[in-house]
Amino acid sequence: MILRVDSLCFSYNSKMVLDKVSFTIDRGECVAVLGVNGAGKSTLLKCINKILMPDGGCVYIEDKVVSKMPQIEIAKDIGYVPQRTNVSRMTVFDAVLLGRKPYIRLDATDKDIDIVKDILKHLSLEKYSLKYIDELSGGEFQKVLIARALAQQPKVLLLDEPTSSLDLKNQIEVLDFIKKIARERGISVVVIIHDLNLALRFADKFIMMKDSKIYSAGGQEVITEEAIRDVYSVDVKVENIRNKKIVIPV
Amino acid sequence: MQADIMYKRYVGRKKYVFIALLLILFILSFVALNLGASRATLINLIGFFRGIDDQDANLILWRIRLPRILAAIVAGAALSISGCIMQNNLKNPLASPFTLGISNAAAFGANVAIILLDAGSTQSSTKDAVIINNPYIVNICAFVFSIFATFIVIKLAKLKFFSKEAIVLSGVALGSLFTAATTLIQYFAQDYQVAAAVFWTFGDLGRVSYKEVLIMATATLISYVYFYLHRWDYNTLEASDDVAKSLGVDVEKLRLRSLLLVSFATATAVSFIGVIGFIGLIAPHIMRRIVGSDLRFLIPTSTILGSVLLLLSDTIARTIISPIVLPVGVITSFLGAPLFLYLLIKEEDRG
């Protein structure tokens, strides 16, 4: 077990956003967080790496208590890709190099530059190295953000809707890449995702959130017609096509 | 070619921009030393180094022009680096050293000194009809009120966890409060006091001697060192506050300290030379177009560009209708406003 979230609570202006949320994740596992807008998914991610300070509960990463770690040490263990980020006039290489920030003392070393080079190559972003990120397409930009988080060499990756602005090809490409790298490097991934079929294709485990709480968690078996009706208030059919579970809205 | 080699070359090229700017500053300083209403020229300067002693010329070169040139370099650097850090911290292209209301607060302080503490007066015979007869009181008052304004803004912003919006809005509100207070005390003042106070608010580099230059330089250097050491942290802010935190940066602490140091450098400069607009806004903007928003390069290059722009403006101010010396603030605004609009329009084109 690499990440353990234990009855995490968070409230914003006395409104409960997270209510005793608990789950665990193993090494190399990909977990999809599902739920309607406002269910507390983004807040959950931000509480895991202390971007927001939880009001109660505890997050453990390999038995270390995250709330007691300095932010810079957390940054070496947990990478984070937000839902929205500014596009500034910065080259792709520089943007990814920022992921080395937790390790940089005075200036980036050759080792930092090598790590960035490898990641760019892996994501086939090499040819864009010196392009400004404000000139990239949505898919390329999303990959750059993921590359930056990977440059942190984290044990856990938190992704807030990494595919929402991508076309079908890029959605699949980005998620497959994340899954591959999770397997190869033993990185655990927590991803917020809205497309249930994409989630079914990608994730090993599912956490369904409703009204600040976990509604259900587990393998593909938790994605049922009843659960989706409860969580999303939408009627769907869940069918098996070519041995794959598919969710069809009716 | 390998991405890392390309990248290293690209970074190397940016260093040339810095060197080129330094060279321009150096040449401009010599030109400025040579130009002016009096006959002192570079020939006297060469003569000086050869041991030929022309006392008048030496006086003009060493006692009047050189401190003025140094003041332009230091104040230009202080304003520009402050603007650069403010624009980064507040993620607002319109942020400047004066966003926190420092210019208004300093002007209020100067007015208090000149009008309420009677530090200004008139003189009828000379061409400078208005003089400030106790500059130290004025400097100190301007400085104290600038720092006071900063603390108020920071206190207010702290309530909102140093959100960018909170900082900008408190700065604007406090600025207009100080302007109102200034108008109020001017309304009840004598004519000559108002004249002296208005005169003070035109930024002018002719007021400083080596001692003041040294004080400004120290304040600027302290701030510069902090800013440059935190260049990577500022770069993470370019992405977003959340990303910065996820990369291990203590955003609130960084923003608090940055604001304090910006205010310290700006307030020191403004207290001695008055309000000089546009340098702090435009120098970082120009450099951002050339070296990008990477603070590793933006900090050093916009610092030097600020010096270049202020020195250029001051040299124009001294020579354009010589022997009359215009306040440099007028020139920076005249040059700055069209340049700023030009940049804005070009920016639109690109988008």
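Bear in mind that the values here come from a model prediction, so they are computed numbers and not experimental data.

Section: the overall build of chain A
Stage number 1. When helices and strands are tallied, chain A shows eight helices and twelve strands.
Stage number 2. For 250 residues, the compact-globule estimate of 2.2 N^0.38 gives 18 Å, and chain A sits close to it at 18 Å.
Stage number 3. Across the 250 residues in chain A, those meeting the buried criterion constitute 56%.
Stage number 4. Partitioning the intrachain contacts of chain A with sequence separation of at least 6 by distance along the chain shows that 65% fall at a separation of at least 24.

Things to note about helix α4 (residues 110–122) of chain A
Stage number 1. Compared with the 18 Å implied by 1.5 Å per residue over 13 residues, the 18 Å span of α4(A) between its first and last C-alpha is a close match.
Stage number 2. Residues of α4(A) that are buried: A:D112, A:I113, A:I115, A:V116, A:K117, A:I119 and A:L120.
Stage number 3. Looking at the buried residues of α4(A), the elements they touch are α3 (92–97), α5 (138–151) and α6 (168–185) of chain A together with α1 (3–34) of chain B.
Stage number 4. Just past α4(A), the residue A:S124 takes up positive phi, approximately 45°.

Observations concerning unusual backbone geometry
Stage number 1. Phi at A:S7 takes a positive value of approximately 35°, unusual for a residue other than glycine.
Stage number 2. We classify A:S7 as partly exposed; its relative accessible area is 26%.

Concerning the confidence of the model for chain B
Residues and elements named next belong to chain B.
Stage number 1. Confidence in the prediction for chain B averages 87 pLDDT; 89% of positions are at 70 or higher.
Stage number 2. Looking across chain B, the model is least confident in strand β1 (residues 120–122), with a mean pLDDT of 58, and most confident in helix α8 (residues 210–229), with 96.
Stage number 3. Counting interchain partners and residues more than four positions distant, the pLDDT-below-50 stretch residues 123–127 has two contacts.

Examining the sheet that holds strand β10 (residues 213–218) of chain A
Residues and elements named next belong to chain A.
Stage number 1. Strand order in the open sheet made by the six strands is β6-β7-β8-β3-β9-β10, with mixed pairing throughout. The sheet is open, and its two borders are formed by β6 (78–81) and β10, each paired with just one other strand. The mean inter-strand angle of the sheet, taken between neighbouring strand axes irrespective of direction, is 15°.
Stage number 2. By the bridge criterion, five bridges tie strand β9 (residues 205–210) to β10 in an arrangement that is antiparallel.

Details of the interface of chain B and chain A
Stage number 1. Taken together, the 29 residues of chain B in the interface contact 37 residues of chain A.
Stage number 2. Buried area between chain B and chain A, both sides added, is near 3000 Å², and the carbon and sulfur share of it is 59%.
Stage number 3. The largest share of the area that chain B buries against chain A comes from B:Y7, B:W232 and B:L247, three residues that together contribute 22% of it.
Stage number 4. Between chain B and chain A we count six salt bridges in total.
Stage number 5. With its nearest N and O atoms 2.9 Å apart, the salt bridge here joins B:D242 to A:K46.
Stage number 6. At the boundary of chain B with chain A, the tally comes to 14 residue pairs in polar contact (both at pLDDT 80 or more).
Stage number 7. Listing elements by their share of the side of chain B that touches chain A, those giving two or more residues are α1, α9 (231–239) and α10 (241–246) of chain B.
Stage number 8. With seven residues, α9(B) is the single largest residue contributor to the side of chain B that touches chain A.
Stage number 9. Taken together, the residues of the side of chain B that touches chain A sort by class into ten nonpolar, eight polar and eleven charged.

Details of a nonpolar patch on the surface
Stage number 1. Together, A:L106, B:L221, B:V225 and B:L229 make up an exposed nonpolar region whose accessible area comes to about 390 Å².
Stage number 2. As for its placement among the helices and strands, A:L106 is situated in the loop between α3 and α4.

A closer look at the side chain of A:D94
Stage number 1. Counting through the fold element by element, A:D94 comes out in helix α3.
Stage number 2. Here A:D94 falls in the buried class, since its relative accessible area comes to 4%.
Stage number 3. Contacts of A:D94, omitting those with residues within four sequence positions, involve B:Y7, B:Y10, B:D294 and B:R296.

Points about the pairing of strand β8 (residues 188–192) of chain A
All names here are of chain A.
Stage number 1. Counting buried positions along β8 gives five out of five residues, so the element sits mostly inside the fold.
Stage number 2. Of the two faces of β8, the one carrying S188, V190 and I192 and the one carrying V189 and V191 are both buried.
Stage number 3. Relative to β8, strand β3 (residues 30–34) runs parallel, the two sharing four bridges. By the bridge assignment for β8, V33 is matched with I192.
Stage number 4. The sheet contact formed by strand β7 (residues 156–160) and β8 spans five bridges and is parallel. Across the sheet, the residue bridging to L159 is V191, located in β8.
Stage number 5. For the crossover from β7 across α6 to β8, the handedness is right-handed.

Some thoughts on the sheet that holds strand β4 (residues 56–61) of chain A
Consider a sheet: its strands pair through backbone hydrogen bonds, and that pairing is either parallel or antiparallel.
Residues and elements named next belong to chain A.
Stage number 1. Overall, antiparallel pairing links the four strands, which are arranged β2-β1-β4-β5 in an open sheet. Strands with a single pairing partner mark the edges of an open sheet, and in this sheet they are β2 (15–25) and β5 (64–65).
Stage number 2. Across the sheet, helix α1 (residues 41–48) touches β1 (3–12), β2 and β4, and the angle it forms with β2 is around 65°.

Description of empty space enclosed by the protein
Stage number 1. One pass over the full model with this rule turns up three cavities of 30 Å³ or more.
Stage number 2. Roughly 50 Å³ of internal volume is contained in the largest cavity.
Stage number 3. Forming the boundary of the largest cavity are 13 residues, of which A:N86, A:S88, A:I133, A:R148 and B:A239 lie nearest the centre.
Stage number 4. Every element with two or more residues in the lining of the largest cavity is listed here: α5 of chain A together with α9 of chain B.
Stage number 5. A breakdown of the residues in the lining of the largest cavity according to their chemical character gives eight nonpolar, three polar and two charged.

Basis of the calculations
- Residues numbered from 1 in each chain as written.
- Chains lettered and ligands numbered in written order.
- Predicted model: local features only at pLDDT ≥ 70, side-chain atom pairs only at ≥ 80, totals over all residues.
- Heavy atoms only, no water.
- Helix = DSSP H or I, 4+ residues; strand = E, 2+ residues; numbered from the N terminus.
- Rg over C-alpha atoms; globule rule 2.2 N^0.38 Å.
- Buried < 20%, exposed > 50% of the residue type's maximum accessible area, 1.4 Å probe, protein only.
- Contact = heavy atoms within 4.5 Å.
- Expected span 1.5 Å × (residues − 1).
- pLDDT = per-residue confidence, 0-100.
- Pairing = 2+ DSSP bridges.
- Axes fitted to C-alpha atoms, helices over the stretch in contact; angles between N-to-C directions.
- Buried area = accessible area lost by both parts, 1.4 Å probe.
- Salt bridge = Lys/Arg side-chain N within 4 Å of Asp/Glu carboxyl O.
- Polar contact = N/O pair within 3.5 Å; in protein donor to acceptor, adjacent residues only side chain to side chain.
- Nonpolar A, V, L, I, M, F, W, Y, C, P; charged D, E, K, R; others polar.
- Patch = residues over 30% accessible without salt bridge, like charges linked within 9 Å, V, L, I, M, F, W, Y side chains within 5 Å.
- Areas by Shrake-Rupley, 256 points an atom, 1.4 Å probe, with all protein chains shown as cover.
- Right-handed = clockwise from strand over helix to strand, strands pointing away.
- 1 Å grid on protein atoms, 1.4 Å probe; cavity = no way out; pocket = protein on both sides within 12 Å on 5 of 7 lines; lining within 4 Å.
- Points joined across faces, edges and corners; volume = space filled by probe spheres on them.

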